[in-house]
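# Coordinate analysis (summary)
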Amino acid sequence: MLSVFFGFLVGTALGLTGGGGGVFAVPLLVYGQGLNARAAISVSLISVGTAALAGFLSRLRSGDVELRPGLLFAAAGMIGAPVGAAIAARLPEALLLALLAVLMLTIAVRMWRSRTSPTTAASDGECSPTIPTAACRRDDFGQLLLTTRCARLLLTTGLGAGVLSGLFGVGGGFLIVPALVEFSSMPIRRAVGTSLLVIFLVSLSGISIRLWRAEYPPVDAIVLFLPGCLAGLGLGQFAGRKLPQQTLQRIFAAAILAAAAFMLARNLYG
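So, here is what we can say about the structure in this document.

What counts and how
- Residues numbered from 1 in each chain as written.
- Predicted model: local features only at pLDDT ≥ 70, side-chain atom pairs only at ≥ 80, totals over all residues.
- Heavy atoms only, no water.
- Core = buried A, V, L, I, M, F, W, Y, C linked by side-chain atoms within 4.5 Å.
- Buried < 20%, exposed > 50% of the residue type's maximum accessible area, 1.4 Å probe, protein only.
- Contact = heavy atoms within 4.5 Å.
- Salt bridge = Lys/Arg side-chain N within 4 Å of Asp/Glu carboxyl O.
- Phe/Tyr/Trp six-rings, centres within 6.5 Å; stacked < 30°, edge-to-face > 60°.
- Helix = DSSP H or I, 4+ residues; strand = E, 2+ residues; numbered from the N terminus.
- Expected span 1.5 Å × (residues − 1).
- Axes fitted to C-alpha atoms, helices over the stretch in contact; angles between N-to-C directions.
- Parallel < 35°, antiparallel > 145°, perpendicular 65-115°, else oblique.
- Nonpolar A, V, L, I, M, F, W, Y, C, P; charged D, E, K, R; others polar.

Moving on, we get to the nonpolar core. Counting residues in hydrophobic clusters, the biggest one holds 75 residues, and the most contacted among them are Val-23, Phe-24 and Ile-256. Those residues in contact with Ile-256 that sit more than four places away from it in its chain are Val-23, Phe-24, Met-104, Ile-107, Ala-108 and Met-111.

What follows is the structure, encoded as structure tokens:
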């Protein structure tokens, strides 16, 4: 039941934020379930990737996904994921967890210091082609124009998200959603849906390379963690439509900060 509950927490955060919940999966599986870091990363990739697929299909039916930038982003991420997995295989487990804690601290600080919610950067229902800082422009019909600069930015950010996914088992939504909003003036609702597509494909790449390297995840952990994750996803998506995004962002940042502090304390003091 504890494993189901942990999966539920991760799925809820995933539904609320469009991918940020993946950062909780590995700490919960390692410190709450007693898995080693590499097994936890594999379970996280399978569970978060499957939940992301379910969320993506739901948002695709409602038209909240932009396939072209999402597939471009994912293509780079799928190349980066094996690179991250190869690096993780060469790092001591304690160092891997410490680096994940540092990444979580960085995410938490960035989210907490953000002055505005992503919903203020782009309208909730329509694209905003006039944002002066947007690197990618849109035509009169709101379609994204994949210029050389735009494609380069999406590919570079996607590659970074893929490396982090393969290295730590995180979905990368904390990087994908802001990038889609800021670079392409994508409304937050579509950015979240597009992020779920990217997370699924990048997670698929990450777990494939681990299986090829004969790093098999514990099936019993997946059988319990994944259903909880899927159940939490539905609740998170429902709550995300009802609660203020800025409030969710602050709560999520505080939770990540607490988890990262716990991980660092465990690594420093045992």
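Moving on from the model shown.
Attention now goes to the pattern of salt bridges. All chains considered together, the criterion is met by 3 salt bridges. Via salt bridges that share partners, Arg-210, Arg-213 and Glu-215 belong to a single interconnected network.

Right, let's talk about the packing of aromatic side chains for a bit. Per the stated rule, a full pass over the model turns up 2 aromatic pairs. Ring centres 6.3 Å apart and planes at 45° place the aromatic pair Phe-5 and Phe-6 in the tilted group. Using a relative accessible area of 43% as the deciding quantity, one classes Phe-5 as partly exposed. The exposure class of Phe-6 is buried, given its relative accessible area of 10%. Measuring from ring centre to ring centre gives 5.3 Å for Tyr-31 and Phe-262, while their planes differ by 85°; the resulting arrangement is edge-to-face. A residue pair is termed long-range when its members are at least 10 positions apart, and Tyr-31 in helix α2 (residues 22–32) and Phe-262 in helix α11 (residues 245–269) qualify at 231 residues. Here Phe-262 falls in the partly exposed class, since its relative accessible area comes to 42%.

This paragraph deals with helix α4 (residues 67–89). Compared with the 33 Å implied by 1.5 Å per residue over 23 residues, the 32 Å span of α4 between its first and last C-alpha is a close match. Restricting attention to buried positions, one finds in α4 the residues Pro-69, Gly-70, Phe-73, Ala-74, Ala-76, Gly-77, Gly-80, Ala-81, Gly-84, Ala-85 and Ala-88. Those residues of α4 that are buried lie in contact with α3 (37–61), α5 (93–113), β2 (144–145), α7 (148–168), α8 (173–184) and α9 (188–212).

Turning next to unusual backbone geometry. Here Ala-214, not a glycine, exhibits a phi torsion of approximately 65°, which is positive. Turning to its location among the elements, Ala-214 is positioned in the loop between α9 and α10 (219–240).

Below, the discussion takes up the packing of α7 against α8. Packed helix pairs are characterised by how far apart their axes lie and by the angle those axes make with each other. At their nearest, the axes of α7 and α8 sit 9 Å apart, and the two run at 170° to each other. On the basis of their axis angle, the class for α7 and α8 is roughly antiparallel. Residues Leu-153, Leu-154, Thr-157, Gly-160, Ala-161 and Leu-164 of α7 lie in contact with α8, whose contacting residues are Phe-174, Leu-175, Ile-176, Ala-179, Leu-180 and Phe-183. Taken together, the residues of the contact of α7 with α8 sort by class into 10 nonpolar, 2 polar and no charged.

Position of Leu-97 relative to the elements: it lies in helix α5. Put simply, Leu-97 and Pro-27 are 70 residues apart on the chain and 8.2 Å apart in space, counted from C-alpha to C-alpha. Those residues within four positions of Leu-97 in sequence are excluded, and the remaining contacts are Val-26, Val-30, Tyr-31, Ala-37, Met-263 and Asn-267.

In this structure, Ser-165 sits in helix α7. Dropping the residues within four chain positions of it, Ser-165 is found in contact with Leu-45, Val-170 and Val-202.

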